Amino acid sequence: MAGEIHSEMQCNQVEALLAEILDGTLQGETLKGFETHQQSCASCRAMIDEARAGMNWLEALDEAEPPRNLVHNILAQTIGALPSEHAVVKPRGEGWLERLKGRLAPMFAPIATPRFAMSFGMAFFSITMLLGIAGFHFADVRHWDLSSKGIRRSYYEAQVRVMRYYENVRWVYEIESRVRDLRRAGAPDQNAQPQQQQEAPAPNPKNPSKSDNRRPGPQRQNYSRGNGEPVLATFPAVMLAAIPQARQNRRTA
Amino acid sequence: MDDNQAVNALVRRCVSGDAAAWQEIVQQYHRRIYNICYRFSGSADDASDLAQEVFIKMYRTLSTFDTTRASFMTWVTTVTRNLLVDHFRKGKYDRITDSLDAAPGDQEDGLTFAERLEDKGLSPEARVRSQETQKLVHEALRRLSPELREAVILRDLQDMDYKDIAKVLNVPEGTVKSRINRGRTELARLLQRNYKQAN
Ligand SMILES: [Zn+2]
C-alpha cells in the first residue's frame, strides 16, 4: 500500500533525512526507500559519507580541561567566596593519584595530553617511577589505591610525563638515581637475600650480585656502571625501546 | 526525571540564597560551559573569560529559570549561547572573526589541514587520537560560520537532541538539522584528503 502511495525517494528527500540517516533512526518504508535510492545514487552516497566523516571528526574531539582556577574565579565573582571544603564534592576514589598530580603539577604545568599507544605495563611502571621521584617509597606500595580504574585514568598523563623526562637530561639523572632506590627497595622480595643486598646495593661488574647474573653479560657491560653511578641497566627493555620511538614521534609531530 | 528534579531543587535553594547550592551548580556545569565557550571561541583564554561571564549572568538571572519551559541544562546552554552570540556580534573578539575569513590554505607553513595530517605518517587510528589531530579539527571547527559551528558543537560535542538544540537556538528543528548537516560536511571538506586516506 505504502509503496504504491510513495513514489521513489528523490535526492532532495535523502538530503532532508541526512541527520536521521547518520543517527541510524530511519525506520520502515522510509528506510527501505532510502536504501533503494542510495544503491543507485553515487552522489547521495558521497554526500552521506562526507557528512559522516565530519561527524566522526567532531566526535573524536576530547573534552577540554577547564583551568584549575575557573571554579574559584567564578565563585569569587558571584558570591565573593572561596570554595568551602565541605561543599566541594570530591569524586570518590580520589587518592594518591590526585595527591601526586597536585604535587607534580607545578613541574608539569605546561604539559598537555598527547596519546601514544603503549602497553599497560609501561604505564604502570611509569606511575611507580613517578611516585618514586615524588618521594613515595616503593616499599609502601601495598598502601596505595592501585585500582585498575585509577591507573587507567592516569594512563595517558603518566606516560606523557615520563616521555617528557627523557627530553630533559636533568630528569634522566633524577630517574636514574630513583630507579636505583626503587631497585634497592624492591630487591628483597625478588631475591630473598636482603643481607647481600645491603652489602652490595648497586650492581658492580667486578662483584656481580645474584640479580646481575640473571642478565646477559654483554647487556650488563654496555649499560651497567660502577657503584654510586646511574644505573640504566635496571630499565626494563620496553622502556628503553620506547624512548627512541617517542622521540621519533615528537620529531614528526 | 530524577536528575531534573534534583537540579530544580538545587536551583530553588540557590534562588533562596543558599551559597552552597550555587557552589554545587558551578561545580556541576563549569566543564560544559567552558567547553562550549572553548570550541566556539577557539581560544582557551577567551573561553575562561566567557565562562566566567556566563556564570555571572546565570547568577543574576537564576530566578527567571522556568522549569515548565525547559530543563536546567537547556537553560544553561541557552544563556551560554546567547552570551557567545552577543559577544561576537559586538566584535569583542574580533581576531577570531578575522580568522574565520582566512582561507583553509592560509596556514603559516602553506600546507592544508589534510597535508599537515598526512605529513605525520601515522596510522588512521593514531591520527584520530593524536593531539595534532585534535588541534586541526579544533582549528577547522573555528573556520565554520558561527551558525554552523554552534549547531555541531551542541549536537556532536554536547550530545544534545534536536528538540533541545532548537530551543537553544530558537529556530525550527528542520533548520537545526540542516545546519548540523552543513556544518559536518564543511568540516569534512576542510579535513577531506586525510579522511580519504584513512579509509
Ligand atoms: Zn540521490
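To be clear, the structure that these remarks concern was listed above.
Treat the numbers as computed from the prediction; the structure is a model and nothing was measured. (Residues numbered from 1 in each chain as written. Chains lettered and ligands numbered in written order. Predicted model: local features only at pLDDT ≥ 70, side-chain atom pairs only at ≥ 80, totals over all residues. Heavy atoms only, no water.)

Each partner contributes residues to the interface: chain B has 44 residues there, and chain A has 42 residues. In this structure, the connection of chain B to chain A is made through 5 salt bridges. The closest approach of N and O atoms between glutamate 50 of chain A and arginine 189 of chain B, which form a salt bridge, is 3.1 Å. Counting the contacts that link chain B with chain A gives 12 residue pairs in polar contact (both at pLDDT 80 or more). Looking at the side of chain B that touches chain A element by element, the count peaks at 12 residues for helix H2 (residues 19-41) of chain B. Of the residues belonging to the side of chain B that touches chain A, the class tally is 21 nonpolar, 14 polar and 9 charged. (Contact = heavy atoms within 4.5 Å. Salt bridge = Lys/Arg side-chain N within 4 Å of Asp/Glu carboxyl O. Polar contact = N/O pair within 3.5 Å; in protein donor to acceptor, adjacent residues only side chain to side chain. Helix = DSSP H or I, 4+ residues; strand = E, 2+ residues; numbered from the N terminus. Nonpolar A, V, L, I, M, F, W, Y, C, P; charged D, E, K, R; others polar.)

All names here are of chain B. Contact pair H2 / helix H4 (residues 72-89): the axes reach a minimum separation of 11 Å and the direction vectors enclose 40 degrees. Taken as a pair, H2 and H4 cross one another with a handedness that is right-handed. Within the contact between the two elements, H2 uses Ile25, Tyr29, Arg32, Ile33, Ile36, Cys37, Phe40 and Ser41 and H4 uses Phe72, Met73, Val76, Thr77, Thr80, Leu84 and Phe88. Grouping the constituent residues of the contact of H2 with H4 by class yields 11 nonpolar, 3 polar and 1 charged. (Axes fitted to C-alpha atoms, helices over the stretch in contact; angles between N-to-C directions. Left-handed = near helix turned anticlockwise from the far one by under 90°.)

Quick look at unusual backbone geometry now. Residue and element names in this part refer to chain B. The backbone of aspartate 159 sits at a positive phi, close to 55 degrees, despite the residue not being glycine. Tracing the backbone shows aspartate 159 in the loop between helix H9 (146-157) and helix H10 (162-169). Take aspartate 159: its relative accessible area is 63%, and that puts it in the exposed class. Positioned with a positive phi, asparagine 170 is a non-glycine residue whose angle comes to about 60 degrees. (Buried < 20%, exposed > 50% of the residue type's maximum accessible area, 1.4 Å probe, protein only.)

Moving on, we get to empty space enclosed by the protein. Empty space among the atoms becomes apparent when a probe as large as a water molecule is rolled across them. Residues and elements named next belong to chain B. Enumeration according to the criterion identifies 3 cavities of 30 Å³ or more in this entry. Its volume calculated, the largest cavity comes out at about 70 Å³. Every residue lining the largest cavity is listed: Ile36, Phe40, Thr77, Arg81, Leu84, Val85, Glu150, Ile153 and Leu154. Among the secondary structure elements, those contributing two or more residues to the lining of the largest cavity are H2, H4 and H9. If you tally residues by element for the lining of the largest cavity, the top one is H4, at 4 residues. Considered class by class, the residues forming the lining of the largest cavity number 6 nonpolar, 1 polar and 2 charged. (1 Å grid on protein atoms, 1.4 Å probe; cavity = no way out; pocket = protein on both sides within 12 Å on 5 of 7 lines; lining within 4 Å. Points joined across faces, edges and corners; volume = space filled by probe spheres on them.)

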